[in-house]
Amino acid sequence: LAQSGLQDVVVADTETSRVDGLGGTLIVAGVPVGALGSFEEVAALLWGERPDAISAALGAGRRRAWPLVALADAALSRSDGMVALRGALSLLQREGPADIVGACAVLTAAWVRRHQGLAPLPPDPSLGHAADLQRMVLGAPHPARARALGAYLSTVAEHGMNASTFTARVVVSTGSDAVSAVVAALGALKGPLHGGAPGPVLDMLDAVGSPAGAPAWIAQELEAGRRIMGMGHRVYRVRDPRAAVLEAAVERLAEDVPQAGARLVLARAVEATAQAALAARTDRPLRANVEFYTAVLLDAIGLPRSAFTPLFACARTVGWLAHVAEQRAHGRMIRPRARYVGPLP
Ligand code: COA
């Protein structure tokens, strides 16, 4: 019998990460998600290199990607950020991991600025990757916002055999190149079931308005048969461990950005209300997922909702490329079978 959605099918041995849905833990190359360091450190862990070497390579990758902004002008004019990134990145001629990750950051920032009617800013290779991405998107350096963005990028860089990671593996398993693998993975991540929509979480927080409004709003959504955004997960049966890391990052950001504190109070009230209301309705544990506090954090940094999925891609490219390297080193061509159920002659 065909296994629906390949659920529970193990397709590879990996040293990249372990997602434990029952225990509610995520380990990335030996390190628990809450103990991960800078984005460079996470890339170093996953790619088996030294962080200082990664830092220099990412800076050079961003610098070399800058001419792509002009070359990819038509792609970057597209209003959907994932369509823009997919088209622009496919023009990249270098296929080193740092070149691809560098290009993602430069192209995403250029797309955001362009759609705000602003001129794209060239990269500064001397900065850390997250700090430079924050500066290229928001126009000026802001250490607290850069730190928060760095925490986000590290937290979502790698997460097991999800749909986009599997896509990247299938593409390189045929002997194809890393840029093709990442462009295909972007296509998979773009779908609403995967890259998700932290946007709807923000819409929900806007609609709820204040902590006092949460109970009535949540009850009305559930009465209407609608799902509460940012709650529940295919793998985690407890609270997504990344939610706690991102929640802590919002708390830190609130020390410098007061609006972040107000949003956090509201988000926590909505989460607690939703969790209790869902528990009263079903035995299935439905707790906050990564999207819940992604939405709160990226919004508090000052990033537009339309950029959330491209920024997710900027982080996850590191994980995709770790899987690309593993697949090349150990994998066979991925070629499953289908069971024919059509008519016979
Ligand atoms: N709110 C209300 N009910 C939910 C729910 C939620 N967030 N998540 C799951 N459920 C319910 C479903 O209605 C279903 O109930 P039923 O059996 O009575 O029909 C049951 O739980 C199982 O749902 P299913 O979609 O099969 O579970 P899954 O494990 O495949 O779902 C998600 C995982 C993330 C797709 C799901 O939890 C969800 O849709 N969450 C909300 C959307 C979300 O947060 N997406 C992330 C971006 S914001």
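Residues numbered from 1 in each chain as written. Predicted model: local features only at pLDDT ≥ 70, side-chain atom pairs only at ≥ 80, totals over all residues. Heavy atoms only, no water.

Further remarks concern the overall build of the protein. Along the protein, the regular secondary structure elements total 15 helices and three strands. At 20 Å, the protein has a C-alpha radius of gyration in line with the 20 Å of a compact globule built from 345 residues. Each principal axis of the C-alpha distribution contributes one length, and for the protein these read about 65 × 55 × 40 Å. Expressed as a percentage of its 345 residues, the buried residues of the protein come to 49%. Taking contacts inside the protein between residues at least 6 apart in sequence as the whole, the part at least 24 apart equals 74%. (Helix = DSSP H or I, 4+ residues; strand = E, 2+ residues; numbered from the N terminus. Rg over C-alpha atoms; globule rule 2.2 N^0.38 Å. Buried < 20%, exposed > 50% of the residue type's maximum accessible area, 1.4 Å probe, protein only. Contact = heavy atoms within 4.5 Å.)

Turning our attention to the nonpolar core. In terms of nonpolar packing, the biggest core is built from 108 residues, with Leu89 and Tyr152 touching the most fellow members. With twelve residues, the top contributor of residues to this core is helix α5 (residues 97–115). In this view, leucine 89 contacts Ile100, Ala103, Cys104, Leu107, Val179, Val182, Val183 and Leu186; residues no more than four positions away in its chain are not counted. (Core = buried A, V, L, I, M, F, W, Y, C linked by side-chain atoms within 4.5 Å.)

Right, let's talk about the packing of helix α7 (residues 143–155) against helix α12 (residues 241–254) for a bit. At a closest axis distance of 9 Å, the pairing of α7 and α12 adopts a crossing angle of 175°. In terms of orientation, α7 and α12 fall into the roughly antiparallel class. Where α7 approaches α12, its residues Ala144, Arg145, Ala148, Ala151, Tyr152 and Thr155 are matched on the opposing element by Arg242, Val245, Leu246, Ala249, Arg252 and Leu253. Residues of the contact of α7 with α12, tallied by class, amount to eight nonpolar, one polar and three charged. (Axes fitted to C-alpha atoms, helices over the stretch in contact; angles between N-to-C directions. Parallel < 35°, antiparallel > 145°, perpendicular 65-115°, else oblique. Nonpolar A, V, L, I, M, F, W, Y, C, P; charged D, E, K, R; others polar.)

Pairing of strand β1 (residues 17–20) with strand β2 (residues 25–28), which is carried by four bridges, proceeds in the antiparallel orientation. When the sheet's bridge partners are listed, arginine 18 is paired in β2 with isoleucine 27. From the end of β1 to the start of β2, which pair antiparallel, there are four residues, and glycine 24 there has a positive phi angle of about 70°. (Pairing = 2+ DSSP bridges.)

This brings us to a nonpolar patch on the surface. Among the surface-exposed residues, Leu6, Val9, Val11 and Met161 lie close enough to one another that they form a single nonpolar patch of about 290 Å² accessible area. As for its position among the elements, methionine 161 is in the loop between α7 and α8 (163–173). (Patch = residues over 30% accessible without salt bridge, like charges linked within 9 Å, V, L, I, M, F, W, Y side chains within 5 Å. Areas by Shrake-Rupley, 256 points an atom, 1.4 Å probe, with all protein chains shown as cover. Salt bridge = Lys/Arg side-chain N within 4 Å of Asp/Glu carboxyl O.)

In this section: the pattern of salt bridges. Within this structure, the stated rule accounts for 18 salt bridges. Arginine 239 is the partner of glutamate 247 in a salt bridge, and the nearest nitrogen-oxygen pair spans 2.9 Å. In this structure glutamate 247 comes out as buried when scored by relative accessible area, which is 14%. We classify arginine 239 as buried; its relative accessible area is 19%. In this structure, glutamate 271 engages arginine 239 in a salt bridge whose closest nitrogen and oxygen atoms are separated by 2.7 Å. Here glutamate 271, found in helix α13 (residues 258–281), pairs with arginine 239, found in the loop between α11 (214–223) and α12; they are 32 residues apart in sequence, far enough to count as distant. Here glutamate 271 and arginine 239 have matching classes, each one buried. Through salt bridges with shared partners, one network takes in Asp203, Asp206, Arg263, Asp299 and Arg305.

It is worth spelling out helix α4 (residues 81–89) at this point. Summarising burial for α4: seven of the nine residues are buried, a large majority. For α4, the set of buried residues is Gly81, Met82, Val83, Ala84, Leu85, Ala88 and Leu89. Along its buried surface, α4 packs onto α2 (51–71), α3 (73–76), α5, α9 (178–189) and α15 (308–330). Where α4 begins, the side chain of aspartate 80 points an oxygen toward the backbone nitrogen of methionine 82, at a separation of 2.7 Å. (Polar contact = N/O pair within 3.5 Å; in protein donor to acceptor, adjacent residues only side chain to side chain.)

Further remarks concern the site of the ligand. Inspection of the region around the ligand gives 16 residues, with Arg227, Ile228, Gly230, Met231 and Arg284 positioned closest. Glycine 230 places a main-chain nitrogen or oxygen 2.6 Å from an oxygen atom of the ligand. At 2.8 Å from a nitrogen atom of the ligand is found a main-chain nitrogen or oxygen belonging to methionine 231. When the ligand sits alone it has 850 Å² of accessible area, and the protein chains cover 61% of it. (Near = heavy atom within 4 Å.)

What follows is about the pairing of β2. Burial of the side chains of β2 is restricted to one face: Leu26 and Val28 are buried, whereas none of Thr25 and Ile27 on the reverse face is. Where β2 lies against strand β3 (residues 31–32), two bridges are found, and the strand directions are antiparallel. Bridging across to β3, valine 28 finds its partner in valine 31. Here β2 folds back onto β3, and the loop between the two strands holds two residues, one of which, alanine 29, carries a positive phi near 45°.

Further remarks concern α7. In this model α7 runs 18 Å from its N-terminal to its C-terminal C-alpha over 13 residues, within 8% of the 18 Å that 1.5 Å per residue would give. The buried count for α7 comes to eleven of 13 residues, which makes it a mostly enclosed element. Along α7, the residues that are buried comprise Ala144, Arg145, Ala146, Ala148, Leu149, Gly150, Ala151, Tyr152, Leu153, Ser154 and Thr155. Turning to α7, the residues buried within the fold contact β2, α1 (39–47), α6 (129–138), α12, α14 (290–301) and α15. (Expected span 1.5 Å × (residues − 1).)

Turning our eyes to something else, we now look at the packing of aromatic side chains. Following the criterion strictly, the structure yields one aromatic pair and no others. Seen from their ring centres, phenylalanine 292 and tyrosine 293 are 5.0 Å apart, and the 55° between their planes marks the pair as tilted. Of the two residues, phenylalanine 292 and tyrosine 293, neither departs from the other in class, the shared state being buried. (Phe/Tyr/Trp six-rings, centres within 6.5 Å; stacked < 30°, edge-to-face > 60°.)

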